[in-house]
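Fold and contact review
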Amino acid sequence: MSHGVRTSPEGSGQPLSEAYDTALLDLDGVVYAGGSAIAHAVESLASARAGGMRLAYVTNNALRTPDAVAGHLTELGIPTAADEVITSAQAVARLISEQVPAGARVLVIGGDGLRVALRERGLTPVESADDDPAAVVQGYGGLELPWGRFAEAAYAVARGVPWFASNTDLTIPSGRGIAPGNGAAVEVVRIATGAEPQVAGKPQPPMHRETILRTGARRPLVVGDRLDTDIEGAFNGEVDSLLVLTGVTDGARLLAASPRHRPTYVDADLRGLLTGQPEITREGDGFRCGRWTATAGADRLELDGDGESLDGLRALCAAAWTAAGDGSCELDGGKALARLGL
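Here's a quick rundown of the structure. Just so you know, these numbers come straight off a predicted model, no measurement behind them.

1. Notes on the side chain of Lys202
Positionally, Lys202 belongs in the loop between β12 (198–199) and α8 (205–215). Engagement of the side chain of Lys202 in a polar contact is seen with the side chain of Asp230, the distance being 2.8 Å. Aside from chain neighbours lying at most four places away, what touches Lys202 is Asp26, Val58, Thr59, Asn60, Asp169, Met207, Thr229 and Asp230.

2. Looking at the nonpolar core
Membership of the largest hydrophobic core comes to 28 residues, with the highest contact counts inside it found for Leu254, Leu255, Leu303, Leu313 and Leu316. Elements that contribute at least two residues to this core include exactly α9 (227–237), α10 (251–255), β17 (286–289), β18 (292–296), β19 (301–305), α11 (309–324) and α12 (334–340). Top contributing element to this core by residue count: α11, with 10 residues. Every residue in contact with Leu254, bar those within four places of it in the chain, is listed here: Leu227, Leu243, Thr249, Pro263, Val266, Leu313, Cys317 and Trp321.

3. Observations concerning the environment of Ser36
For Ser36, the location among the structural elements is in strand β3 (residues 36–37). Judged by its relative accessible area of 45%, Ser36 is partly exposed. Expressed as a C-alpha distance, the spacing of Ser36 and His208, which sit 172 residues apart in the sequence, is 26 Å.

4. With respect to the pattern of salt bridges
Close approach of charged atoms lets side chains of opposite charge pair. Under the definition given, this model contains 22 salt bridges. Glu127 serves as the salt-bridge partner of Arg115, at 3.1 Å between the closest nitrogen and oxygen. Within this pair, whereas Arg115 is found in helix α5 (residues 112–120), its partner Glu127 is found in the loop between β7 (124–126) and β8 (135–138), the two being separated by 12 residues in sequence. Given a relative accessible area of 16%, Arg115 falls into the buried group. Its salt-bridge partner being Arg253, residue Asp250 comes within 3.4 Å of it at the nearest N-O pair. Taking the relative accessible area as the measure of exposure, Asp250 reaches 36% and is therefore partly exposed. Salt bridges sharing partners connect three or more residues here, namely Arg94, Glu120, Glu210 and Arg214.

5. Observations regarding α8
Among the residues of α8, Pro206, Met207, His208, Glu210, Thr211 and Thr215 are the ones counted as buried. Buried positions along α8 lie against β1 (22–25), β4 (54–59), β5 (85–87), α4 (88–97), β12 and α9. Phi for Gly216, located one or two positions after α8, is positive at around 65°.

Thresholds, definitions, all that
- Residues numbered from 1 in each chain as written.
- Predicted model: local features only at pLDDT ≥ 70, side-chain atom pairs only at ≥ 80, totals over all residues.
- Heavy atoms only, no water.
- Helix = DSSP H or I, 4+ residues; strand = E, 2+ residues; numbered from the N terminus.
- Polar contact = N/O pair within 3.5 Å; in protein donor to acceptor, adjacent residues only side chain to side chain.
- Contact = heavy atoms within 4.5 Å.
- Core = buried A, V, L, I, M, F, W, Y, C linked by side-chain atoms within 4.5 Å.
- Buried < 20%, exposed > 50% of the residue type's maximum accessible area, 1.4 Å probe, protein only.
- Salt bridge = Lys/Arg side-chain N within 4 Å of Asp/Glu carboxyl O.

Read these as layout, nothing more, since geometry by itself doesn't imply function.
Structural data, given as structure tokens:
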């Protein structure tokens, strides 16, 4: 994948599980939601692995350790080893270790995932700004993280201690709905200090680097549900991506995507790993996929045909992204998406 302007999803004559050696899978919204496996995820991942594709699970959530994540996946019916899980805590710990002395103390604002990752890098987690830390690291600490932890971070950061964040996702899904994520907590310290953290997690390059170092992937495919983390992270890493529609991204967001948020492939769920992807072809003033043709009119996207709704969505993406070029599509696609039931 290059940094050029993508104007259409791509096709693949091979199943994606054969065309790529390693799937770099997001978790929330892709493999599970609210702690339960998403429909078709367990059997699709088992089939992909049986066919020779390596699986790695890449998460911006720094709270849980790789052991805990692997245990959860195994309970869901997806046998997983800890070394198949890569977290933003691991990425930020490596980033810190490259900038502070060996064995340095690091003030932790977050959970066990951060502490384990720091120790893996030979660093010493501490709990107070008065412990003379060489760095401050902030990661998601769960719903019970005390407000006073943000004060500890602010005290140290205001004194000029280098500040790092595992990720800046503003929200995190939960079984009861959408909750504030680590990005919201980072904003608290940013407002208090006026400082800016170094960020490791998706879509920033340190996370992609950590993933490739740990998996050794030669031809990876990023699989995610979020345009601004998973797909942008793939764009920054110059690798291909598959967007699945089981999480936060809907048709309207996809049509409006700017170039760095445009996935290589689009599918309904993880069954998309096991199939080829249909070609999108130019036809007159529009684009054809399957039995659908989409065109960009004066003020709206237009759709004609019938058949598989995802084919219609892929054709609409081609019309919208071509019309938008290197910007975001502002054409009204509501009527076309409604016809597809999306």
